[in-house]
Amino acid sequence: MNAAYTPDWQGIRRRVATRPWAANVLTAIGSDFTRWTDDLVIPGPDRPSAWTHHYFCDADGAPLRFDPAAPASHACTRCGGTYTGEPWDGAWRTTMHNAAAAQAQRAALLVRLADDHRAASELERIAAAYARDYLSYDIHGVNAGRGRVHPQSLDEAVWAVGLLRALRWAGDALTPATSAAADAMARAIADLLRPQVGMVHNIHCWLLAALAECAVRLRDHELLRWCRDSPFGAQAQVSEGFHPEGLWYEINPHYHYYTVAALLSYREAAGPEGLSEEAALRLSRAITAPPALAYSDTRLPAYGDGWAECHVGDFAPQAEAACAILPEEPIDLAPYYARTRRAPVPLWFGNPSPAPGCVELEGRSSVAALVFGPDDVQAASPGRPGSFVWPHAGIGVLRSPAVRLAMRFGPDAGWHDHRDKLGVDVETATGWSSLDLGTSGYGSDFTAWTRSPLAHNLVVVDGARQPEHAGRLLESSARRLVAESAWDGQVMRRSVTVSDDGWSDLCTVTLAARRRIEWVFHGDGAFLPSARALPSPGLDGEAGHAWLREVRRIEVPHDRVLRGSWELEGAPELTLAVPEGFEAFTALADGNPNGRPLGVLLLRGHDDHARFHAAFRLRGPIGAGG
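Because the structure is a prediction, the values reported are computed rather than measured. (Residues numbered from 1 in each chain as written. Predicted model: local features only at pLDDT ≥ 70, side-chain atom pairs only at ≥ 80, totals over all residues. Heavy atoms only, no water.)

**A word on the side chain of Glu268**
- Its location among the elements puts Glu268 in helix H10 (residues 253–270).
- Here the side chain of Glu268 touches Arg165 through a polar contact of 3.1 Å, side chain to side chain.
- With near-sequence residues (within four places) excluded, Glu268 lies in contact with Ala4, Tyr5, Arg165, Arg168, Trp169, Ile325, Trp348 and Phe372. (Helix = DSSP H or I, 4+ residues; strand = E, 2+ residues; numbered from the N terminus. Polar contact = N/O pair within 3.5 Å; in protein donor to acceptor, adjacent residues only side chain to side chain. Contact = heavy atoms within 4.5 Å.)

Below, the structure written as structure tokens:
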């Protein structure tokens, strides 16, 4: 098999000399390297690492602040609440291990591009410490396989890719003794991870990337072939894991790009023969597809276990890396730079250090751009994508001058699916929105709310989460989507239609027996009905009701038509037909990705069928976007 992709270090030096953006990236890497030389403490094997999904606040779901100087005290970045002891101390150690791999990458770049002898010494220190002690770290893990340095196979693999890539990039910078010890570490990593590859999943893509780095270092051609051709090898991951439209089966953009980063890392190590041309072209579609889902501010919807603050530009490193690693298809970088934000320099690493204090840049500012991308990016072509349907992925997006509305109806997306078939999310041209809440750290109590049925715009039966199943598309056009979701004798159908000044939403549910039915819709700001609303003791149930606050019961008018709007400029006026026997409630909840109050409107009744028709009309001038 051919060798790993080797960066053109002389060409990158020329880029630094001729392109200011590249020079700025290298300067920032040097500054961050100096800062981390002082802050980096490699946790030894005496205490185990822990899952970083514990590193979130139970009260509000915000991440805890990682302070390199405070291994035993961890504060919420939002409310300031503090956490001590395990598992937070263990999650701090996990983050510090990742910081060591990130520092190794900075050191390798400075060795190659700045002839920095301090960087060579730092790389030697990091590599020697892990190579010496690797087998002394106890194997442990409970969530997704097992690791040594890290608490599970996924984190172990991401860390191993970062460290071994740095050693590969640095060439012969290590002393012979440390290089030999690193070989032994690579063999031990391979022995740990190879038996854990066993399904088509983002985690297993990272295992393959780590195994490919081990194989290249050890010149193990049999292991490389196994990484490509085994039943859950890279070929299978690409052909079975990505829908034909280019979206990873777990649907949400975070895991999509996380998987893309893993497979690009795999091919970087395995070389061109690591994927067939057909697989490489499908992986290229995984770069071009997601920007079509974006809202007008380039934010991507946080479907399933996605992170709510997630923009197209956050994934520019994957697109930049694909320019060199996937030469089979030209990559359009323009959508990834349509709107940029200042941020620390993103390393080409699955879990870069989140510590504050690193140099922030804007525009082309990543290691991937420096190492893999072209010298310049072509300007974006005018216009935005219109309406479209991805039948295999099960997502339809409607766009009109007034609104961008999406509905999800496709196959189950695995463990990260929120079981919200026929859920919709909306952005309006007037600035109001109803977004998917995504998730928080999986170890946080707050995630119980964001995963619950009532955190989504749905019809809910008996407060139960939907089972694993697939919906189906019944009808689609540029302005209309109709889809159906059915299981266990119940059938739900939703029809959404966009217009020049709003949208309509018709939901029907048919059951085999009389049961509790709830229709829920939320958006920016408190919901203000035109009818009187009186304080209510709250709502019982398991669908997320406990997370609703300031619950008020709305007096349904005699004509059974509820009218009102959300307390925010630009919010739509709602007209909603309330079925006979159903009650109406309004409440507030937390977790709105916009940072605004989340106003919830809920209808509740008991029947074997129901029909909910809602019309949303936007007030004021409407621009050409939406």
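So that's the structure; there's more coming.
**Notes on the packing of helix H2 (residues 20–39) against helix H4 (residues 117–133)**
- Interaxial distance between H2 and H4 falls to 12 Å at its minimum, and their mutual angle equals 45 degrees. One finds that H2 runs oblique with respect to H4. Between H2 and H4 lies a crossing whose hand is left-handed. Touching Phe33, Thr34, Trp36 and Thr37 of H2 are Arg118, Ala119, Glu122 and Arg125, all from H4. (Axes fitted to C-alpha atoms, helices over the stretch in contact; angles between N-to-C directions. Parallel < 35°, antiparallel > 145°, perpendicular 65-115°, else oblique. Left-handed = near helix turned anticlockwise from the far one by under 90°.)

**Examining the pairing of strand S12 (residues 480–487)**
- Counting buried positions along S12 gives 6 out of 8 residues, so the element sits mostly inside the fold.
- Pairing between strand S11 (residues 472–476) and S12: 4 bridges, direction antiparallel. For Ser476, the partnering residue across the bridge sits in S12 and is Leu481.
- Between S11 and the antiparallel strand that follows it, S12, lie 3 residues.
- Hairpin geometry of S12 and strand S13 (residues 490–499) is characterised by an intervening segment of 2 residues between the two adjacent antiparallel strands and by a positive phi of about 50 degrees at Asp488. (Buried < 20%, exposed > 50% of the residue type's maximum accessible area, 1.4 Å probe, protein only. Pairing = 2+ DSSP bridges.)

**Some remarks on the packing of aromatic side chains**
- For the coordinates displayed, the defined rule picks out 29 aromatic pairs.
- When the ring of Trp348 is compared with that of Phe372, the centres are 5.9 Å apart and the planes differ by 70 degrees; the resulting orientation is edge-to-face. Of the two residues, Trp348 is situated in the loop between strand S3 (343–344) and strand S4 (360–361) and Phe372 in helix H13 (residues 367–372); the sequence distance between them amounts to 24 residues. Each member of the pair, Trp348 together with Phe372, is buried.
- Ring geometry for Phe388 against Trp390: centres 4.9 Å apart, planes inclined by 40 degrees, an arrangement best described as tilted.
- Taking the relative accessible area as the measure of exposure, Phe388 reaches 15% and is therefore buried.
- In this structure Trp390 comes out as buried when scored by relative accessible area, which is 10%.
- One aromatic cluster is present, built from ring pairs that chain together Trp432, Trp503, Trp519, Phe521, Phe527, Trp566, Phe582, Phe612 and Phe616.
- The ring of Trp21 has Arg364 sitting right over it, with the charged end atom 4.1 Å from the ring centre.
- The cationic tip of Arg451 hangs over the ring face of Trp415; the distance from NZ or CZ to the ring centre is 4.7 Å. (Phe/Tyr/Trp six-rings, centres within 6.5 Å; stacked < 30°, edge-to-face > 60°. Lys NZ or Arg CZ within 6 Å of the ring centre and 35° of its normal.)

**Examining the packing of helix H1 (residues 9–18) against H2**
- Their axes nearest at 5 Å, the elements H1 and H2 cross at an angle of 105 degrees. Taken as axis vectors, H1 and H2 run roughly perpendicular relative to one another. Of the residues in H2, those in contact with Arg15, Val16 and Thr18 of H1 are Pro20, Trp21, Ala22, Ala23 and Leu26.

**Quick notes on empty space enclosed by the protein**
- If you walk through the whole model with that rule in mind, you get 4 cavities of 30 Å³ or more.
- Taken as a whole, the largest cavity encloses approximately 140 Å³ of empty space.
- Lining the largest cavity are 17 residues, and of these Ile251, Arg408, Asp417, Asp420 and Lys421 sit closest to its centre.
- Partitioning the lining of the largest cavity into residue classes produces 7 nonpolar, 5 polar and 5 charged.
- Roughly 70 Å³ of volume is contained in the second largest cavity.
- As for the second largest cavity, its lining consists of Lys421, Leu422, Leu458, Val459, Gln466, Met492, Arg493, Arg494, Cys507 and Thr508.
- Put simply, the parts of the chain that give the lining of the second largest cavity at least two residues each are S13 and strand S14 (502–524).
- At 3 residues, S13 tops the list of elements feeding residues into the lining of the second largest cavity.
- For the lining of the second largest cavity, a count of residues per class yields 5 nonpolar, 2 polar and 3 charged. (1 Å grid on protein atoms, 1.4 Å probe; cavity = no way out; pocket = protein on both sides within 12 Å on 5 of 7 lines; lining within 4 Å. Points joined across faces, edges and corners; volume = space filled by probe spheres on them. Nonpolar A, V, L, I, M, F, W, Y, C, P; charged D, E, K, R; others polar.)

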